[in-house]
Amino acid sequence: MKYRWLCVVLAFGLVSVLAIPALAGGLTVFGGKVETSAQTGRDYSYSMKVQNTSDVSSDVAVEIKGYGTESENPFVVLDSENDTSHHSARQYLAVDPSGFKLGSGESRDIAVSANIPYGTEAGGKYAIVYIHTVPKSGSVATTAGMAARVLLTVDGSELSHTSQIASIDLSSGTELLALVGLMNDGNQHYKPHLRGTLRNGSGILAVASMDDPWPVIPHY
């Protein structure tokens, strides 16, 4: 489930998420999102570039993880035991290389390959390419990690964009806030548009809306 706030007293704007490099703890990832359609039985390859922007060398590992969401996080990295949705793409993906060393200022290309078997149902398939540093043996260090999202839509005639409002909670103070819980019960991700209207009988007191920059994936 994914929660969204609507302020129906003060209108507000949201800054669009741009296709800029993602940075974390000395690692920069270029091309850190794959969002495209795919057909069953075909091989696909996507490229990402990792750069070490720190002043020391780093060992880097790349893993395929599950993709989930929480009420306060647009996406979370799931281990295999928690990645149980039939919309998972984890089992269809592979990375090369899965580990390497980067000197200060060095970069390396990563190939992400996908093959979705024949007979796979149409709809969205989701995973995370988790790119992170590996502490040296016997050392105490902070691990820097980047979550590159993979959103694949398997072509087919059964694609559906449906959702339901699971809950609406109101709180008032200097502003009237509506906490809206949305559940994506379709089979494909989408970015929701929410619009709230405050009425007094037949009169409209205020209107506010928001476009979510993050997609809601199925079953969340």
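Keep in mind that what you see is a predicted model, and the values were worked out from it rather than measured. (Residues numbered from 1 in each chain as written. Predicted model: local features only at pLDDT ≥ 70, side-chain atom pairs only at ≥ 80, totals over all residues. Heavy atoms only, no water.)

### Digging into the overall build of the protein
- Helix and strand content of the protein: zero helices and 16 strands.
- Counting across all 220 residues of the protein, residues that qualify as buried make up 40%.
- A fraction of 69% describes how many contacts in the protein between residues 6 or more apart in sequence connect residues 24 or more apart.
- Of the roughly 11700 Å² of accessible surface on the protein, 50% is carried by carbon and sulfur atoms. (Helix = DSSP H or I, 4+ residues; strand = E, 2+ residues; numbered from the N terminus. Buried < 20%, exposed > 50% of the residue type's maximum accessible area, 1.4 Å probe, protein only. Contact = heavy atoms within 4.5 Å. Areas by Shrake-Rupley, 256 points an atom, 1.4 Å probe, with all protein chains shown as cover.)

### Here's the deal with the packing of aromatic side chains
- All told, the structure shown has four aromatic pairs when counted by the stated rule.
- Ring geometry for Tyr67 versus Tyr126: centroids 6.0 Å apart, planes at 85°, classification edge-to-face. Here Tyr67, found in strand S6 (residues 58-68), pairs with Tyr126, found in strand S11 (residues 123-134); they are 59 residues apart in sequence, far enough to count as distant.
- Overall, the relative accessible area of 2% leaves Tyr126 in the buried class.
- With centroids separated by 5.6 Å and ring planes inclined at 50°, the aromatic side chains of Phe75 and Trp214 adopt a geometry described as tilted. A residue pair is termed long-range when its members are at least 10 positions apart, and Phe75 in the loop between S6 and strand S7 (76-78) and Trp214 in the segment after strand S16 (203-211) qualify at 139 residues. (Phe/Tyr/Trp six-rings, centres within 6.5 Å; stacked < 30°, edge-to-face > 60°.)

### As for the pairing of strand S9 (residues 99-102)
- Residues Phe100 and Leu102 point to one face of S9 and are all buried, whereas Gly99 and Lys101, pointing to the other face, are not buried.
- Of the strand pairs in this sheet, S6 and S9 are connected by four bridges, and their pairing is antiparallel. Among the inter-strand pairings, Ala61 is bridged to a residue of S9, identified as Gly99. (Pairing = 2+ DSSP bridges.)

### Overview of the nonpolar core
- Counting 29 residues, the largest nonpolar core has Leu93, Ile110, Val129, Ile131 and Leu152 as the members making the most contacts within it.
- Examining the composition of this core, we find that five residues originate from one element, strand S12 (residues 145-154), more than from any other.
- Here Ile110 is in contact with Tyr46, Ser47, Met48, Val50, Val62, Val95, Asp96, Pro97, Phe100 and Ile131, once residues within four sequence places are set aside. (Core = buried A, V, L, I, M, F, W, Y, C linked by side-chain atoms within 4.5 Å.)

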